[in-house]
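# Summary of the model geometry
Each chain is listed here by its residues.
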Amino acid sequence: MAIASAMPSESYPSAKVVDRAASAGAVVALAGCLLLPFVEFRPNRIVDGRLLHLLQCAGVWGWVLLAVLLLSLGAALLPGRYRGRGLLAGAVLSFGALLFALGSATTKLMPAGDTPARVSIAGGAWIALVGIAMIWFQGNRVARSHKASAAAALTGTALLVAAWWFGGLSQLSLAVEYRAQADTFWQLTYSHVLLVLGGTLIATVIGIPLGIVAARSGFARAVAIPVVGIIQTIPSLALYGLLVIPLAALGLPTLGTVPALIALTLYALLPIVRNTFLGVSGVDASSIDAGLGMGMSRRQLLWRVEFPLALPLVLEGLRAALVLTIGIAAVMAIAGAQDLGTLIFLGWGSIAVDLVLLGAIPMVVLSIIADQGMRALESVVVSPGIRIPREEELSA
Amino acid sequence: MISLEHVTKRYGDRMAVDDLSIEIDDGDVAVLIGPSGCGKTTTLRMINRLIEPTSGRILIDGTDAATLKPEELRQHIGYAIQSVGLFPHLTVAENIATVPKLLGWKTARIVSRCEELLALVGLDPAQYSRKYPRQLSGGEAQRVGVARALAADPPILLMDEPFGAVDPLNRDRLQGEFLRIQRDLKKTVVFVTHDVDEAIRLADKIALMRDGHLEQYDSPEQLLDHPETKFVHDFVGADAALKRLGRVRVDSVMRTGQATVRADQPDAIEAACASESRFVYLVDADGVLVGWIDSRVLDRGTPAAEAATRVDWRQAAVRPDGSLKEALARMLALGYRSLPVVAAGGRLLGHVTLSDVEKTMEGGDAHLADHTDNEAGSIGGGGE
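None of the values given here were measured: they were computed from a predicted structure.

Below, the discussion takes up the overall build of chain B. Scanning chain B from terminus to terminus reveals 17 helices and 16 strands. Against the globule reference of 21 Å for 384 residues, chain B gives a C-alpha radius of gyration of 24 Å, in line with a compact fold. Across its three principal directions, the C-alpha atoms of chain B cover 80 × 55 × 30 Å. Here chain B holds 384 residues, and 56% of them are scored as buried. Long-range contacts, defined here as pairs at least 24 residues apart, represent 63% of the contacts in chain B between residues at least 6 apart. About 16700 Å² of surface is accessible on chain B, with carbon and sulfur atoms providing 49% of the total. Distance between charge centres in chain B, computed from 45 positive and 58 negative side chains, equals 5 Å.

Right, dumping it as structure tokens:
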């Protein structure tokens, strides 16, 4: 993977070698499906669960899943111009087949009527999901096409909806748990997103000017960069504890949203300040000399030359801040913040794995959305003159 | 007119520029030259106040530059630097538009000015306007840099080794184009270089600096013929006669009326070779040089067309605005005693011979005095 990302132009269009990352993903997914149990069936809460393998429980969808995984492996092994799109198609179809296999197993195993029985996802299916994700990410990387990536994401979502409504997925224990908690779930997801966006926004408003000032003045650099760096090294719970004293002194609440927002802001500062600083101070001296020499004021130079040139790094800092705070926000639930972490801690407390998953899965999805969204934003707002060129532009 | 009056720049104990006084007339190219660390770039940057002098005054058309707002001063002085400093996130057109935008020009005016300037520096506007700097070669980037410096039509141009980062062949071409543009625009140019040949070729006046002070400020001819100090003499080197050639344009000694035939007409070639001419030049349908025949090496019996020397005009020809020094170097390198002269697209204009170059070298001052006014073919005239 490292090699592929370091030399993007080498991996396309006529990739001659085997795509190791994608083929590893396909092998992992196949191994998960064949060697490990796919679902766990518990008739009620007292009896131990029964573990079932893919081909034991999923019927024809088990074979479909194996077939599309083999196709993905083929796309990873065979060289060709359309490998990236092939991998994306393979990943999306595998994802869909996995969902329908889970749904089909659930439908077959669940007794009719109101029942305490539960069918939950077992190790093999989880590992298959990880393998499929590997193929998917590699497909995005190799295809280097926003259109193909977006089409894959849309198809994947459509397949999820279809498996939910028509494929029996909604009978899975995770789905049952979701229905029981739906209102809480969406409320917590919403406040999680608000916390993350709020913290990152405040950090951006403080961090970008701070980074610019640090790039301008040695004193600011000597103070700001180490300080935001030290904050980053403080474990989140310790930071939370440290915040109690000043918050209490100011008469602000020491539990809940306010300290969580402050902590998230502090953590988001480092990537934003550091990247803005690096971006602005890394602007080529000749560009600055030319700008000043042509009569730009310092302010014009900043907004017309330095900041646009620093933008790729600034956006990278924002992306890192978003992904970082999505994770840290969950920990803040311990001290009373209402977010997806609340579900996770609740689930741990009551040994309800499905509840933990209900908190964890949306965080993964949020991270992916933040990551991809920021990359898409970058491709829109960063000048093509300083963007890493895509293949179409190179050959044009 | 730019006047530097007792300008001094001190960094701590070090005198970067020490009591420098020079005057640069309107429309002149003044070249600041000297070994590195002599203060030439510092001097240049004091004119647009990127560096403030420690003492002394810089007058631009009688106005003390220190009394003007630095940004306004700089917007009215073109600035081109060695590293070019094109903004990588802006297109060629946007780069050129920098100063016009700062001055608040209307969009339509900026667009037409960009096209005009790109054409002036020899780049096709349709092809280059939307390119980004990283898509340009070194020579193209330098041209855009010059176009950007000229954008708002400033009366003064400051150039800090603007051709320093390109290969010798391209530098020579850029110098020729600079002279062509300067003949039309008549800017007051202050030009920093460390290349003596470049200085001699481009300058109306050369200011030779050393350790922050002025050694001599004179025309290139005076500097070559009458160096005032040993340092000046050593710096310009012993080959003054050769260096003088750098100031003579090829078209000033170019001969025209040479025998020229179409390469795809064998009969005409035979006929031409049978005539008096020593060299018969071959051109294609558009008049572009494709080769020549030296009638002295012709064997009786073999078709003349087969004895032709086929050449690429890009390598085996010189341009009319090139210098004789370049022509001589090319002759020596290729082993020819005569070189064809071609226009921009390769169209044959005439030729220049080694003996004419030698005559020019011996001719000395009388010939050099009015080098810029020489008409094409003023020495040789007609064919052989």
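Now that the structure has been shown, we can carry on.
Turning our eyes to something else, we now look at the nonpolar core. A general tendency of soluble globular proteins is for nonpolar side chains to be buried together. Membership of the largest hydrophobic core comes to 91 residues, with the highest contact counts inside it found for Ile 96 and Phe 191 of chain B. Ranked by the residues each element gives to this core, the list is headed by helix α7 (residues 138-150) of chain B, at six residues. The contact partners of Ile 96 of chain B, leaving out residues within four places of it in the chain, are Cys 114, Leu 117, Leu 118, Val 144, Ala 147, Arg 148 and Ala 151 of chain B. Membership of the second largest hydrophobic core comes to 54 residues, among which are Ala 215, Ala 268, Ile 326 and Ile 344 of chain A.

Residues and elements named next belong to chain B. The strand order across the open sheet formed by six strands is β6-β7-β8-β3-β9-β10, and the pairing between neighbours is mixed. Here the strands that pair on one side only, and so sit at the sheet edges, are β6 (77-81) and β10 (213-218). Taken over all neighbouring pairs, the strand axes of this sheet differ in orientation by 15 degrees on average, direction set aside. As judged from the five bridges shared by strand β7 (residues 156-160) and strand β8 (residues 188-193), these two strands associate in the parallel manner. For Leu 158, the partnering residue across the bridge sits in β8 and is Val 190. Along the sheet, helix α1 (residues 40-47) contacts β3 (29-33), β6, β7, β8 and β9 (205-210); its crossing angle with β8, the most-contacted strand, is approximately 150 degrees. Across the sheet, α7 is in contact with β6 and β7; its angle to β6 comes to roughly 165 degrees.

Moving on: a negative patch on the surface. All names here are of chain B. A cluster of acidic side chains, namely Glu 23, Asp 25, Asp 26 and Asp 61, defines a negative patch on the protein surface. Here Asp 61 is to be found in the loop between β4 (55-60) and β5 (63-64). For Asp 61, a relative accessible area of 54% translates into the label exposed.

Our next topic: the interface of chain A and chain B. With 22 residues of chain A at the interface, the matching set in chain B holds 23 residues. When chain A packs against chain B, the two sides together hide about 1900 Å² of surface, and 61% of this comes from carbon and sulfur. Two residues, Asp 289 of chain A and Arg 45 of chain B, come together in a salt bridge whose shortest N-O distance is 2.8 Å. Here chain A and chain B share six residue pairs in polar contact (both at pLDDT 80 or more) between them.

What follows is about the domain arrangement of chain B. Residue and element names in this part refer to chain B. If you check the domain split of chain B, you get domain 1 (2-245) and domain 2 (250-373). A straight line from the C-alpha centre of domain 1 to that of domain 2 covers 35 Å. Contacts between the two partners involve 13 residues from domain 1 and, on the opposite side, 15 residues from domain 2. For the pair domain 1 and domain 2, the summed buried area comes to about 1300 Å², and 55% of that belongs to carbon and sulfur atoms. Our count for the contact surface shared by domain 1 and domain 2 stands at one salt bridge. A salt bridge links Asp 197 to Lys 325, with the shortest nitrogen-to-oxygen separation between them at 3.2 Å. Our enumeration of links across domain 1 and domain 2 arrives at four residue pairs in polar contact (both at pLDDT 80 or more). Put simply, the parts of the chain that give the side of domain 1 that touches domain 2 at least two residues each are α8 (168-185), α9 (196-202), α10 (220-225) and α12 (240-245). Looking at which element gives the most residues to the side of domain 1 that touches domain 2, the answer is α8, with five residues. Tallied by class, residues from the side of domain 1 that touches domain 2 come to four nonpolar, one polar and eight charged.

It is worth spelling out the sheet that holds strand β11 (residues 259-262) of chain B at this point. Residue and element names in this part refer to chain B. The strand order across the open sheet built from four strands is β11-β12-β13-β14, with neighbouring strands paired in mixed fashion. Pairing within the sheet leaves two strands with one partner each, and these edge strands are β11 and β14 (309-310). The pairing of strand β13 (residues 289-294) with β14 spans two bridges and is antiparallel. Its bridge partner lying in β14, Gly 291 is registered against Arg 310.

Turning to the domain arrangement of chain A, a few remarks are in order. Considered domain by domain, chain A is made up of domain 1 (2-171) and domain 2 (181-395). Inter-centroid distance (C-alpha atoms) of domain 1 of chain A to domain 2 of chain A is 32 Å.

Residues and elements named next belong to chain B. Bridging between strand β1 (residues 2-11) and strand β2 (residues 14-24) involves seven bridges; their strand directions are antiparallel. The residue of β2 that forms the bridge with Val 7 is Leu 20. The hairpin formed by β1 and β2 contains two residues between the paired strands, and Gly 12 there has a positive phi angle of roughly 60 degrees. By the bridge criterion, five bridges tie β1 to β4 in an arrangement that is antiparallel. If you follow Leu 4 over to β4, its bridge partner there is Ile 58.

This next bit is on the environment of Leu 44 of chain B. All names here are of chain B. Relative to the helices and strands, Leu 44 resides in helix α1. Through-space distance from the C-alpha of Leu 44 to that of Val 190 is 7.1 Å; in sequence the pair is 146 residues apart. The contacts of Leu 44, once residues within four sequence positions are left out, are Leu 32, Tyr 79, Leu 158, Met 159, Asp 160, Val 190 and Val 192.

Time to look at the side chain of Thr 325 of chain A. Mapping Thr 325 of chain A onto the fold places it in helix α13 (residues 298-331). Residues contacting Thr 325 of chain A, with those up to four places away along its chain left out, are Val 196, Thr 200, Leu 264 and Ala 268 of chain A.

Residues and elements named next belong to chain B. Assignment of secondary structure puts Glu 198 in helix α9. Summary of buried charges: Glu 198 has no salt-bridge partner, and the nearest side chain of opposite charge, Arg 171, is 5.0 Å away. Among all residues touching Glu 198, those that are not within four sequence positions of it are Phe 163, Arg 171, Gln 175, Phe 191 and Thr 193.

We now examine the confidence of the model for chain A. Mean pLDDT for chain A: 87, with 94% of residues reaching 70 or above. Every residue in residues 390-396 of chain A scores below 50 in pLDDT, and together they form nine contacts with partners more than four places removed in sequence or on other chains.

The rules behind each value
Residues numbered from 1 in each chain as written. Chains lettered and ligands numbered in written order. Predicted model: local features only at pLDDT ≥ 70, side-chain atom pairs only at ≥ 80, totals over all residues. Heavy atoms only, no water. Helix = DSSP H or I, 4+ residues; strand = E, 2+ residues; numbered from the N terminus. Rg over C-alpha atoms; globule rule 2.2 N^0.38 Å. Buried < 20%, exposed > 50% of the residue type's maximum accessible area, 1.4 Å probe, protein only. Contact = heavy atoms within 4.5 Å. Areas by Shrake-Rupley, 256 points an atom, 1.4 Å probe, with all protein chains shown as cover. Lys, Arg positive; Asp, Glu negative; His and termini not counted. Charge placed at Lys NZ, Arg CZ, Asp CG, Glu CD. Core = buried A, V, L, I, M, F, W, Y, C linked by side-chain atoms within 4.5 Å. Pairing = 2+ DSSP bridges. Axes fitted to C-alpha atoms, helices over the stretch in contact; angles between N-to-C directions. Patch = residues over 30% accessible without salt bridge, like charges linked within 9 Å, V, L, I, M, F, W, Y side chains within 5 Å. Salt bridge = Lys/Arg side-chain N within 4 Å of Asp/Glu carboxyl O. Buried area = accessible area lost by both parts, 1.4 Å probe. Polar contact = N/O pair within 3.5 Å; in protein donor to acceptor, adjacent residues only side chain to side chain. Domains from an automatic or database assignment. Nonpolar A, V, L, I, M, F, W, Y, C, P; charged D, E, K, R; others polar. pLDDT = per-residue confidence, 0-100.

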